[in-house]
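Working through the structure, step by step
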Amino acid sequence: MDTIQKMLLEQVADLHAIPEGAYNIRTNGESTARNSTEHIEIVSKSEVSGIDIKIKPGTKNESVHIPVVLSQSGMEEMVYNDFYIGDDCDVTIIAGCGIHNEGDSDSRHDGIHRFFIGRNAHVKYIEKHYGSGDGRGGRIMNPQTEVELGEGSLAEMEMVQIKGVDSTVRTTKASLSEGAKLVVTERLMTHGEQKAESQFDVNLDGEDSSANIISRAVARDRSVQIFKSVINGNAKCSGHTECDAIIMDNANISAIPEITANNPDAALIHEAAIGKIAGEQIIKLMTLGLTEKEAEEEIVNGFLK
Amino acid sequence: MLELKNVSFEVPEEGMEKEIIKNISFVIPEGKFTVITGPNGGGKSTLAKLIAGIQKPTSGQILLNGQDITGLDITERARRGISYAFQQPVRFKGVTVLDLIRLAKGENISISGACEYLSQVGLCAKDYISREVNASLSGGELKRIEIATVLARGTKLSVFDEPEAGIDLWSFQNLIQVFENMHREVHGSILIISHQERILNIADEILVITDGEVTSHGPKDEILPKLLGSSSAVNICDGRK
């Protein structure tokens, strides 16, 4: 692995060395390192590009790293990863994709992640996207995530895209059984001419299921963001979606929350706010000795933390 | 030492220039605890903002230790040793109490170091240090965190705009102790805008501003009895709006 690939790996998965536990590292379209463990098995798909990750019931406190790095300009790929998480598991999955493009052709990673989460299992999923390189070719990522939550299960998903991705369309679909809970925290920053679209589609099918979709976004320069969040309450359930965005420079942001109750005991809330950094926040930090620009950086960093 | 020389501040109102501060001159001596008081709407908060650089005077000069700072912006004045506590503290999503104290201190101080400033303002530090400075905190809590940021800076001049507003009675004695300690330890000048008799009572000097002008300025022992003896003192001293 060269230094650029190592840098990407560090950015998207905080990895400085080969991780502990199960992992699959995908580099320029090939699986370049893989490890299965006693409880977590990773196997390649035969008909399409991608892997199946099978986690045995009752697996506790184990982690799976599945980072993807693309450093070859013009590389385009479509990857299917399926996660089968057994009943009563408690696991952490760290995904992430880094694209370094120094050429003139677009580099593109489209990934479809499907999660089948067993009863009473707890999954923590962390996904970071990052782009680098000075090439005129785009750094494009289109992740699709589909989640089926079994009875009493909990999925906490943290999705982060802070820098360098030119174009992204992210779709996340989830259906929840009785007592299941989904918590999604999305943090997004766009700059330059970037475009980012994020669409959530959540079906609260089971009694006492709940979902909380939280997005914090910052759009700078001339970038464009669209956030759509659809929650359908099909049973006695609770759902909350919140989009909080800071707009800067000449950027453009749309927030489109949509909640539908198909059951009288569905309690659904949506909140969306877009605004620039409050002037008094900048003034407060300036009274502490920061310049206007430093103050702005601190406010944005805190907001996206 | 802070000196204001013939400072005026005007704002446009209905096509006219309205004078909020009218040709004010005074000196805040080094190491003194000065309280500015006076009726609401008299220009006290504007004066504090002029000193911190949040507003620029229409005319006149502001000098800090003999140097003209009139043209300096907020950041420059902060770096030269002016701190300013807001009357209504600002909220930040995502920025924690620890972040804010570190920014105030200008260095990455330890958590226990940051906690000391919170303890000084009567907050149980471990409950607050990692909380976000957002709407989940009450007005009184935000106010005390605001004061803690000024304590962390430890500058030569600290300006507090009505620190007692939004603080409950129970915490008030503690607040007075905070100011007494600052007076003892920081060896800088403290300038407080206040209506509270108990704050006026710990002042070295009192400056009364009415309708944009200094109507009296002198040692506490001289000014306070006059204020308490006047009919307007009732309003000034019990904080009645």
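From a predicted model like this one, the values you see are computed outputs, not experimental measurements.

**Focus: the overall build of chain A**
Within chain A one finds 3 helices and 20 strands. For 305 residues, the compact-globule estimate of 2.2 N^0.38 gives 19 Å, and the C-alpha radius of gyration of chain A, at 20 Å, lies within 12% of that figure. The dimensions of chain A, computed from C-alpha atoms along their principal axes, are 55 × 55 × 35 Å. Here chain A holds 305 residues, and the buried ones make up 44% of them. Long-range contacts, defined as pairs at least 24 residues apart, comprise 81% of the intrachain contacts of chain A with a sequence gap of at least 6.

**Examining the UniProt feature "domain: SUF system FeS cluster assembly SufBD core" (unreviewed entry) in chain A**
In this structure's numbering, the residues bearing the UniProt feature "domain: SUF system FeS cluster assembly SufBD core" (unreviewed entry) are residues 86-303 of chain A. Measuring from the first to the last C-alpha atom of residues 86-303 of chain A gives 35 Å, for a span that is 10% helix and 62% strand.

**What about the interface of chain B and chain A?**
Contact residues are listed per partner, giving 20 residues for chain B and 18 residues for chain A. Among the secondary structure elements, those contributing two or more residues to the side of chain B that touches chain A are helix H2 (74-79), strand S6 (82-85), helix H3 (97-105) and helix H6 (139-153) of chain B. When residues in the side of chain B that touches chain A are grouped by element, the largest group, 4 residues, is from H2 of chain B.

**Structural notes on the environment of His 122 of chain A**
Residue and element names in this part refer to chain A. Residue placement: His 122 occurs in strand S10 (residues 122-132). The partly exposed category is assigned to His 122, around which 18 C-beta atoms lie within 10 Å. Taking the C-alpha atoms as reference, His 122 lies 5.8 Å from Ser 153; in sequence the two are 31 residues apart. With residues near it in sequence (within four places) discarded, His 122 still touches Cys 89, Asp 90 and Leu 154.

**Looking at the sheet that holds strand S8 (residues 189-193) of chain B**
Residue and element names in this part refer to chain B. Within the open sheet, the 6 strands sit side by side as S6-S7-S8-S3-S9-S10. Their pairing is mixed. The sheet terminates laterally at S6 and strand S10 (213-219), the two strands that pair on one side only. Going across the sheet, the axis of each strand differs from the next one's by a mean of 15 degrees, ignoring polarity. Pairing between strand S3 (residues 33-37) and strand S9 (residues 205-210): 4 bridges, direction parallel. Counted as the bridge partner of Thr 37 is Val 208 from S9. Together, S6 and strand S7 (157-161) form the strand contacts of H6, whose direction differs from that of S6 by roughly 170 degrees. Packed on one face of the sheet, helix H9 (residues 220-229) meets S9 and S10 and runs near 125 degrees to S10.

**Concerning the packing of H3 of chain B against H6 of chain B**
All names here are of chain B. Look at H3 against H6: their axes get within 7 Å of each other, and the N-to-C directions meet at 30 degrees. Crossing of H3 over H6 shows right-handed handedness. For the pair formed by H3 and H6, the contact residues are Val 97, Leu 100, Ile 101, Ala 104 and Lys 105 on the first element and Ile 145, Ala 148, Thr 149, Ala 152 and Arg 153 on the second. Its residues assigned to classes, the contact of H3 with H6 comprises 7 nonpolar, 1 polar and 2 charged.

**Examining the environment of Phe 179 of chain B**
Residue and element names in this part refer to chain B. Structurally, Phe 179 is set in helix H7 (residues 169-185). Between the C-alpha atom of Phe 179 and that of Ile 20, which follows or precedes it by 159 residues, the distance is 29 Å. Sequence-distant contacts of Phe 179, defined by excluding residues within four places in its chain, comprise Ile 190 and Ile 202.

**What to know about the packing of helix H4 (residues 111-120) of chain B against H6 of chain B**
Two measures define how a pair of helices packs: the angle their axes make with one another and the distance between the axes. Residues and elements named next belong to chain B. At a minimum axis distance of 9 Å, the contact between H4 and H6 shows a crossing angle of 125 degrees. The angle between the axes of H4 and H6 places the two elements in the oblique class. When you trace H4 past H6, the crossing you get is right-handed. Every residue of H6 that contacts H4 at Tyr 117, Leu 118 and Gln 120 is listed here: Ala 148, Leu 151 and Ala 152. Looking at the contact of H4 with H6, its residues break down into 5 nonpolar, 1 polar and no charged.

Cut-offs applied
Residue positions are given per chain, counting from 1 as you read along its sequence in written order. Ligands are numbered from 1 and chains lettered from A, in the order in which they are written. The predicted origin of the model limits local features to residues at a pLDDT of at least 70 and limits the giving and counting of side-chain atom pairs to 80 or more, whereas totals for whole chains, interfaces and linings rest on all residues. Helix numbers and strand numbers start at the N terminus; a helix is a DSSP run of H or I with at least 4 residues, a strand a run of E with at least 2. The quantity called the radius of gyration is restricted to C-alpha atoms. Its globule counterpart is 2.2 Å times the number of residues to the power 0.38. Once C-beta atoms are placed from the backbone, each residue is buried if 20 or more other C-beta atoms lie within 10 Å of its own, exposed if 12 or fewer, and partly exposed for counts between those two. Contacts here follow a simple rule: the backbone-placed C-beta atoms of the two residues must lie within 7 Å. UniProt positions are given in the numbering used here, feature names are shortened, and annotations may be inferred rather than shown by experiment. Here, any two strands with at least 2 DSSP bridges between them count as paired. In this analysis, axes come from line fits to C-alpha atoms, helices being fitted only over the stretch in contact, and the angle between any two N-to-C directions falls in the range 0 to 180 degrees. Left-handed describes a crossing whose near helix is turned anticlockwise from the far helix through less than a right angle; right-handed describes the clockwise counterpart. Note on residue categories: nonpolar means Ala, Val, Leu, Ile, Met, Phe, Trp, Tyr, Cys or Pro, charged means Asp, Glu, Lys or Arg, and polar means any other residue, Gly included. For this classification, under 35 degrees means roughly parallel, over 145 means roughly antiparallel, 65 to 115 means roughly perpendicular, and everything else is oblique.

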